[in-house]
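# Descriptive analysis of the structure
Chain by chain, the residues run as shown.
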Amino acid sequence: MRLTSPAELKALLERHGFRFSKALGQNFLIEPSVPRRIAEASGADENTLALEVGPGVGCLTSELARRAKKVVAIELDNALRGVLDETLGGLENVEIVWGDAAKLDLAALVRERAGALRPVVCANLPYSVTTPLLAAFIEAGCFERMTVMIQREVAQRLAAAPGTKDYGAFTVFVNWHCEVKRLFDVPPECFMPRPRVTSSVVALTPRAEPPCAVRDEALMFRCVRAAFSQRRKTLSNALSNGLGGFERAEVLAALDAAGIDPRSRGETLSGADFARLSDALASLRAK
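As a convention, each chain's residues are numbered from 1 in the sequence order in which they are written. At least 70 in pLDDT is required for a residue's local features to be given in this predicted model, at least 80 for side-chain atom pairs to be given and counted, and no such filter applies to totals for whole chains, interfaces and linings, which use all residues. Remark: hydrogens and water are excluded; side-chain values derive from all non-hydrogen atoms of the structure.

### Here we look at the nonpolar core
Side chains of nonpolar character tend, in soluble globular proteins, to be buried together. To keep it simple, the criterion reads: What makes a nonpolar core is a set of buried Ala, Val, Leu, Ile, Met, Phe, Trp, Tyr and Cys residues whose side-chain atoms join them at distances within 4.5 Å. The cut-offs for exposure are 20% and 50% of the maximum accessible area for each residue type, with area from a 1.4 Å probe on protein chains only; residues under the lower value are buried, those over the upper are exposed, and the others partly exposed. Working definition: helices are DSSP H or I runs of at least four residues, strands are E runs of at least two. Numbering for both runs from the N terminus. Whether two residues are in contact is decided by their heavy atoms: any pair within 4.5 Å suffices.
Grouped together as the largest cluster of nonpolar side chains are 61 residues, with contacts concentrated most on Leu51, Leu125, Phe137, Leu239 and Phe274. Ranked by the residues each element gives to this core, the list is headed by helix 9 (residues 217-229), at eight residues. Contacts of Leu125, omitting those with residues within four sequence positions, involve Val53, Thr130, Leu133, Leu134, Phe137, Val148, Met149 and Ile150. Formed by 34 residues, the second largest nonpolar core is a distinct cluster that contains Leu60, Leu80, Leu88 and Cys122.

Listed below in structure tokens is the structure:
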């Protein structure tokens with residue numbers, strides 16, 4: 001069965017009485033080169049466990065199964081049970097886990113299934129849950145590589161430079177933990193039903209070490225969240241209002257010690273700048 005053939009895909013879904021869910025952001029690939037390219041980019045091989053979220057009808061899952069030693073696919077929509085039984089039932093190295101990936105302990109799941117295998121993520125992520133799932137993958141701390149197809153606008157945010165409109169708190173978080181590489185775009189006509197936006201495939205590779213040293217990483221990300229919570233305010237005002245536990249005088253002293261203009265805005269600061277700022281705040285409290 002050609003899972004990316006529109007005619008065969010429609011027949012498959014009709015056979016099982018499946019209806020697309022807008023709430024779940026279901027858009028299935030109908031361009032055969034795309035799942036192949038994504039699977040190849042994932043680095044999956046005979047020493048790999050590939051974790052997929054949202055297998056749909058299994059076109060990417062099938063490509064991963066040809067490469068990885070084991071594939072674990074997490075699917076939320078129970079309406080796809082019959083479909084996946086038909087399309088993936090004969091693949092001995094594929095396991096379907098039914099549930100919400102955002103609510104699962106991904107690190108524990110990988111420990112139970114991977115053994116000596118190298119864990120990677122490879123998935124076509126639903127647009128509505130892209131950010132929390134990427135955060136969950138990163139925070140699990142167990143994946144060698146994460147290759148995901150996401151909305152192009154989100155991919156632009158991940159790769160954005162300080163001072164640009166796409167740069168934000170999530171940009172800082174992802175780039176602090178991972179190296180980000182945009183691989184290729186996927187136009188709407190490659191999907192059924194056709195989405196209104198273009199997708200991008202992105203590879204995230206966890207860093208062995210953060211980009212720079214920081215005394216208190218939790219405090220640094222408190223600064224990041226405060227700075228971006230009120231983007232139009234100057235850093236001195238945003239941090240004074242949003243960084244609980246620090247007086248305005250302390251914020252101003254820390255900005256001065258870090259060599260950061262208090263009139264600047266959070267979107268102009270790099271991860272290293274935020275690290276320097278949080279170190280200055282930590283030093284004030286250590287006195």
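### Let's talk about the environment of Phe191
Its place among the elements puts Phe191 in strand 8 (residues 191-192). Residue Phe191 is classed as buried on the basis of its relative accessible area, which comes to 4%. Along the primary structure Phe191 and Val72 are separated by 119 residues, whereas in three dimensions their C-alpha atoms are 23 Å apart. With near-sequence residues (within four places) excluded, Phe191 lies in contact with Asn27, Phe28, Leu29, Ile30, Asn124, Met149, Val186 and Ser199.

### Focus: the layout of surface pockets
Inclusion rule: Only protein atoms enter the 1 Å grid, on which a cavity is a set of points fitting a 1.4 Å probe that cannot get out and a pocket is an open set with protein on both sides within 12 Å along at least 5 of 7 lines, lining residues being those with an atom within 4 Å of a point. Grid points are joined across faces, edges and corners, and a volume is the space filled by probe spheres set on the points. Residues are sorted three ways: Asp, Glu, Lys and Arg are charged, Ala, Val, Leu, Ile, Met, Phe, Trp, Tyr, Cys and Pro are nonpolar, and all the rest, Gly among them, are polar.
Taken as a whole, the largest pocket encloses approximately 530 Å³ of empty space. Contributing to the lining of the largest pocket are 35 residues, with Leu24, Val53, Gly54, Asn124 and Pro126 lying nearest its centre. At the level of elements, strand 1 (28-29), strand 2 (48-53), helix 3 (59-65) and strand 3 (70-75) are the ones that each hand at least two residues to the lining of the largest pocket. Grouping the amino acids of the lining of the largest pocket by side-chain chemistry returns 21 nonpolar, ten polar and four charged.

### Brief notes about the UniProt feature "binding site: S-adenosyl-L-methionine" (unreviewed entry) in the chain
For clarity, the threshold we go by: UniProt positions are given in the numbering used here, feature names are shortened, and annotations may be inferred rather than shown by experiment.
According to UniProt, the feature "binding site: S-adenosyl-L-methionine" (unreviewed entry) maps to Asn27, Leu29, Gly54, Glu75, Asp100 and Asn124 in the numbering used here. Considering only the annotated residues already named, the ones lining the largest pocket are Asn27, Leu29, Gly54, Glu75, Asp100 and Asn124. Along the chain, Gly54 turns up in the loop between strand 2 and helix 3. A relative accessible area of 27% places Gly54 in the partly exposed class. Setting aside residues no more than four positions away along its own chain, Gly54 makes contact with Ile74, Glu75 and Asn124. Residue position: Asn124 is located in strand 5 (residues 118-124). With sequence-adjacent residues up to four places away left out, Asn124 is seen in contact with Asn27, Val53, Gly54, Leu60, Met149 and Phe191.

### Points about the side chain of Thr147
Counting through the fold element by element, Thr147 comes out in strand 6 (residues 145-151). Note on Thr147: relative accessible area 0%, which makes it buried. Beyond its immediate chain neighbours, meaning those up to four positions away, Thr147 contacts Ile38, Ala41, Ser42, Val121, Cys122, Ala123, Leu183, Val201, Val202 and Ala203.

### Comments concerning the sheet that holds strand 2
Two pairing modes exist for strands in a sheet, parallel and antiparallel, and in both the strands are linked by backbone hydrogen bonds. In plain terms, the rule: At least two bridges found by DSSP between two strands is the condition for calling them paired. Inter-axis angles, ranging from 0 to 180 degrees, are taken between N-to-C directions of lines fitted to C-alpha atoms, where helices are fitted over the stretch in contact.
Pairing is mixed in the open sheet, where seven strands are placed in the order 4-3-2-5-6-9-7. One side of each edge strand has no neighbouring strand; the edge strands of this open sheet are strand 4 (94-98) and strand 7 (178-186). Here the average twist between neighbouring strands, direction ignored, is 20°. As defined by bridge partners, strand 3 adjoins strand 4 across five bridges and the pair is classed as parallel. Each residue of the ladder has a partner; that of Val71, found in strand 4, is Val94. Across the sheet, helix 4 (residues 81-88) touches strand 3 and strand 4, and the angle it forms with strand 4 is around 175°. Docked against the sheet, helix 8 (residues 169-177) engages strand 7 and strand 9 (199-206), running at close to 115° with respect to strand 7.

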